[in-house]
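Descriptive analysis of the structure
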Amino acid sequence: MARFAQDAAPPSRSRLRLKQPPAPTGIGRQPEFVSLKAGGFRWTVTPEFRDVLLAFDGLPLDDWLRSGHARIIKKGPHRIVYRVELPELTFFVKKNLIPDWPTWLRQLVRPSKARSEFNLARAVAKRGLPTFMPLALGRQEHPFGAGESVLITRSLEETQPLQLFLANVLFAMPEPRRSQLRRRLAAELGRFVARLHDAGIMHDDFHAGNILVRLEDDDRVSFYLIDLDAVTLHVPLSWVQSRANLTILNRWFILRANRTDRLRFWRAYAGARRHGKGCDKLGSEGFELAALDLEKRTWQSNLDFWKRRDRRSLRENRYYSRLRSRTILGFAVTDLDPEALARLCRDPDEPFRRPGIKLLKNSRSATVTELEMLVDGRPCKVIYKRFRVTTWTDPFAALGRPTPALRSWALGQGFRERGLPTARPLAILHRRRHGLLYEGYLLTEKIENAQELRDFARDLKDIPTDCRRHVLRRQIVQVARVVRELHRRCLAHRDLKAANILVSRDLARFVCPFSPGWEARGDSLLHIARSSIWLIDLVGVERKRRLSFARRIKNLTRLHASFHDHPAFTRTDKLRFLREYLHWALHGPGDWKKWWRAIDRATQEKIIKNRRSGRVLC
């Protein structure tokens with residue numbers, strides 16, 4: 001990096017309006033920088049935009065916020081990111097904070113995050129890879145060591161994160177343009193990643209949100225690498241290093257891209273690799289074995305990743321807040337209305353005593369009602385459930401295992417992390433007395449226009465005969481796919497009955513939650529799937545390291561028992577469900593007859609057992 005020329009003159013606000021130059025690509029001649037002091041910060045800034053970015057008293061961020069030129073796009077305890085749109089320039093301001101003493105100590109012995117990302121951006125561009133262009137770097141002058149740091153980068157116009165482009169742009173295109181562009185994206189992304197690895201760039205947080213895409217004329221695509229704080233520079237990556245990096249990237253795509261597009265990416269990547277120890281084998285007989293090994297490693301990596309993410313809903317972070325008082329413990333999502341949440345914390349039983357309230361369920365173990373609350377500033381119908389204490393031992397049992405309410409909360413968030421369709425949990429509360437947990441309260445979003453699967457089967461007789469078979473077969477496929485993906489994620493639902501599966505009342509709406517088109521939000525990388533089918537009542541869900549054949553049969557038997565004698569389902573319908581669940585032997589030999597006989601035998605045993613105990617089978 002070139003040495004910075006010292007410039008002691010303070011910056012001034014120039015009246016001369018600068019013209020917007022062409023959008024940068026991050027490749028080519030690196031801009032020169034000058035050093036100066038302003039506003040308690042030592043700045044390294046490009047002379048071209050010095051007067052635009054800095055005033056006499058430093059960065060005029062408060063002025064931009066008041067005038068509406070700046071807005072916050074991401075905020076957390078460690079950093080705040082602003083987008084600033086001025087007539088002369090559009091750029092991002094990333095302010096790294098010092099929220100605690102470990103962060104302060106870290107910056108005493110290591111460069112600040114802003115300095116690291118500034119240096120990496122210049123190094124990545126020097127290696128010929130497209131990335132953002134840094135405009136300024138600021139370091140606070142603090143009497144007791146390290147202070148805050150600021151990185152200002154130029155906006156890459158007409159770009160957006162890859163996962164948002166796929167969700168909001170690609171799948172809104174008409175055919176055949178959509179398919180042609182999808183194939184081009186897969187191949188170009190493979191070649192782009194090969195260039196990264198040949199250049200020795202390892203990104204430890206390599207997901208679709210950290211790759212920007214721009215759609216050029218004639219549907220050509222350009223990619224840019226961002227969030228360089230997680231980048232390390234090497235010589236050309238070996239195959240072992242490349243495989244680890246590809247596994248991180250493929251964790252996102254294995255859930256959202258079909259096998260053909262993943263293979264298309266892999267062929268383009270393998271064909272474009274030129275350097276790196278062990279990468280010469282990718283073009284020979286080891287190509288297919290390497291692809292299969294990568295898929296296997298990716299799925300195991302996803303399972304490990306989800307297991308770690310499950311702990312996020314039980315901690316305070318930007319998605320969840322902790323609730324704590326003398327009598328209440330719990331957690332809530334951060335976009336839930338604070339006033340309504342405070343009222344619930346003061347008296348969790350108050351909603352059940354409201355005049356005219358309708359109870360959806362009122363039994364010895366649980367009470368359920370429907371409310372309306374503000375979620376993310378919008379009115380939303382919610383389901384409020386109270387878990388009663390049925391025996392005196394329940395509070396003591398909670399010392400050694402999660403309560404049913406807490407299990408439902410954690411598993412509901414875990415379902416969303418895994419892309420499984422369920423009602424979104426909003427809050428979990430527990431009454432606390434003498435250090436023990438008593439009644440639990442769970443608040444979830446209501447799934448609108450939905451009915452239980454058995455009610456759907458009952459209402460089939462009201463559908464015209466000519467379309468009844470079509471509707472039934474489409475619904476069978478949807479249910480089979482959801483159960484298959486549930487088990488594929490090593491989750492078992494011991495109460496997988498028809499009453500715990502909701503389907504849309506709109507019989508023209510069959511949306512598989514694992515289809516290529518999904519809903520994506522800019523503030524989260526969570527896979528928020530559109531669906532016409534949902535799993536509820538997650539108390540009976542268990543996480544397993546490996547889901548055995550016997551456990552799968554037990555789950556399928558419970559679902560089959562709900563329809564074993566239903567007149568709307570023929571043996572052919574049940575076989576269609578089983579073949580779809582087994583993915584038509586796509587992932588290996590599928591001995592459906594073995595599964596058929598095992599489910600039938602277990603169903604007959606359950607019927608006999610329920611008759612002896614006098615329990616209704618539903």
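Please refer to the structure placed before this passage.
As a starting point, this report considers the structure included with it. (Residues numbered from 1 in each chain as written. Predicted model: local features only at pLDDT ≥ 70, side-chain atom pairs only at ≥ 80, totals over all residues. Heavy atoms only, no water.)

1. Some points on the pairing of strand β11 (residues 211-215)
Here is the rule we go by: With a 1.4 Å probe rolled over the protein chains alone, any residue whose accessible area is under 20% of its type maximum counts as buried; one over 50% counts as exposed, and the rest are partly exposed. Each helix corresponds to a stretch of at least 4 residues labelled H or I by DSSP, and each strand to a stretch of at least 2 residues labelled E; elements are numbered beginning at the N terminus. Strand pairing requires that DSSP identify at least two bridges connecting the strands.
Among the five residues in β11, four count as buried, and that is most of the element. Relative to strand β12 (residues 221-225), β11 is paired through five bridges, and the arrangement is antiparallel. Among the inter-strand pairings, valine 213 is bridged to a residue of β12, identified as phenylalanine 223. Remark: five residues form the turn of the hairpin made by β11 and β12, two consecutive strands paired antiparallel; aspartate 218 in that turn has positive phi of roughly 60 degrees.

2. Focus: the environment of valine 477
Looking at the element boundaries, valine 477 is found in helix α14 (residues 465-488). A C-alpha to C-alpha distance of 6.3 Å links valine 477 and phenylalanine 577, two positions 100 residues apart in sequence.

3. Focus on a positive patch on the surface
Heads up, the rule is: Think of a patch as exposed residues, more than 30% relative accessible area, with no salt bridge, where like charges cluster within 9 Å and nonpolar side chains (Val, Leu, Ile, Met, Phe, Trp, Tyr) cluster within 5 Å. Surface accessibility follows the Shrake-Rupley procedure with a 1.4 Å probe radius. Residue values consider only the protein chains on display as shielding. The salt bridge definition used is simple: a Lys or Arg side-chain nitrogen within 4 Å of an Asp or Glu carboxyl oxygen. The positive count covers Lys and Arg only, the negative count covers Asp and Glu only, and His and the chain ends enter neither. To locate a charge, the coordinates of NZ of Lys, CZ of Arg, CG of Asp or CD of Glu are taken.
Taken together, the side chains of Lys307, Arg308, Arg311, Arg315 and Arg545 present a region of like positive charge at the surface. Accessibility expressed as a relative area gives 55% for lysine 307, which makes it exposed.

4. Considering a nonpolar patch on the surface
Together, Trp101, Leu105, Leu108 and Val109 make up an exposed nonpolar region whose accessible area comes to about 450 Å². For tryptophan 101, the position within the fold is in helix α3 (residues 101-109). For tryptophan 101, a relative accessible area of 62% translates into the label exposed.

5. Side note on the sheet that holds strand β15 (residues 328-333)
Strands pair in a sheet through their backbones, by hydrogen bonds, and they do so in one of two ways: parallel or antiparallel. To keep it simple, the criterion reads: Every axis in this analysis is a line fitted to C-alpha atoms, fitted for helices over the stretch in contact. Angles between the N-to-C directions lie between 0 and 180 degrees. Residue contacts are defined here by distance: any two heavy atoms, one from each residue, within 4.5 Å place the two residues in contact.
Read from one edge of the open sheet, seven strands run β14-β15-β19-β20-β18-β17-β16, paired in antiparallel fashion. Every interior strand has two partners, whereas the edge strands, β14 (320-324) and β16 (359-362), have only one. On average, adjacent strands in this sheet sit at an angle of 20 degrees to one another, irrespective of strand direction. With six bridges connecting them, strand β18 (residues 378-387) and strand β20 (residues 436-445) associate as antiparallel partners. When the bridges of β20 are listed, lysine 385 appears paired with leucine 442. The strands that helix α12 (residues 404-417) touches are β14, β15, β18, β19 (425-433) and β20; relative to β19, the one it contacts most, it runs at about 160 degrees.

6. So, the sheet that holds strand β24 (residues 533-535)
Within the open sheet, the three strands sit side by side as β21-β23-β24. Their pairing is antiparallel. A strand with exactly one partner marks an edge of an open sheet, and here the two such strands are β21 (450-452) and β24. Across the sheet, the mean angle separating the axes of adjacent strands is 30 degrees when strand polarity is ignored. Here β21 runs beside strand β23 (residues 501-504); their pairing, made up of three bridges, is antiparallel. Within the sheet, the bridge partner assigned to glutamate 452 lies in β23 and is leucine 502.

7. Quick word on the packing of helix α6 (residues 177-198) against helix α8 (residues 259-272)
We count it as follows: In this scheme the crossing of two helices becomes right-handed for a clockwise turn of the near helix relative to the far one and left-handed for an anticlockwise turn of less than a right angle. Polar here means any residue outside two lists: the nonpolar Ala, Val, Leu, Ile, Met, Phe, Trp, Tyr, Cys and Pro, and the charged Asp, Glu, Lys and Arg; Gly therefore counts as polar.
Contact pair α6 / α8: the axes reach a minimum separation of 7 Å and the direction vectors enclose 35 degrees. The element α6 and its partner α8 pack so that their crossing is right-handed. Residues Arg182, Arg183, Ala186, Ala187, Leu189, Gly190, Arg191, Val193, Ala194, His197 and Asp198 of α6 form the contact with α8, whose own contacting residues are Asp261, Arg264, Phe265, Ala268, Tyr269 and Ala272. Its residues placed into classes, the contact of α6 with α8 shows nine nonpolar, two polar and six charged.

8. Quick word on the side chain of serine 149
Topologically, serine 149 is positioned in strand β8 (residues 149-154). Classification of serine 149 by relative accessible area gives buried; the value is 0%.

9. Topic: the pairing of β15
Successive side chains on a regular strand alternate, one facing one side of the sheet and the next facing the other. Among the six residues in β15, five count as buried, and that is most of the element. Examined bridge by bridge, β14 and β15 share five bridges and lie antiparallel to one another. Among the inter-strand pairings, arginine 322 is bridged to a residue of β15, identified as phenylalanine 331. As paired strands, β15 and β19 are joined by five bridges and run antiparallel to one another. Across the sheet, residue leucine 329 finds its bridge partner in β19, namely histidine 430.

10. Focus on the packing of α6 against helix α7 (residues 239-253)
Contact geometry of α6 with α7 gives a least axis separation of 11 Å together with a crossing angle of 150 degrees. The hand of the α6/α7 crossing is right-handed. Touching Leu189, Val193 and His197 of α6 are Ser242, Asn245, Leu246, Leu249 and Phe253, all from α7. A breakdown of the residues in the contact of α6 with α7 according to their chemical character gives five nonpolar, three polar and no charged.

11. A few points about the packing of aromatic side chains
Note on aromatic pairs: each is described by the distance of the centres and the angle between the planes. Short version of the rule: Pairing of aromatic side chains requires ring centres within 6.5 Å, counting the rings of Phe and Tyr and the six-membered ring of Trp. Pairs whose planes differ by under 30 degrees are stacked, by over 60 edge-to-face, and all others tilted.
Evaluated as defined, the whole model comprises 18 aromatic pairs. Consider the rings of tryptophan 64 and phenylalanine 91, whose centres lie 5.5 Å apart with planes at 70 degrees: the pair is edge-to-face. Of this pair, tryptophan 64 sits in helix α2 (residues 61-67) while phenylalanine 91 sits in strand β6 (residues 90-96), placing them 27 residues apart in sequence. Judged by its relative accessible area of 5%, tryptophan 64 falls in the buried class. A relative accessible area of 0% means that phenylalanine 91 is categorised as buried. A centroid spacing of 4.8 Å and a plane angle of 80 degrees characterise the contact between phenylalanine 549 and tryptophan 595, whose relative ring orientation is edge-to-face. Taken together, the residues phenylalanine 549 in helix α15 (residues 549-561) and tryptophan 595 in helix α17 (residues 592-613) connect sequence positions 46 residues apart.

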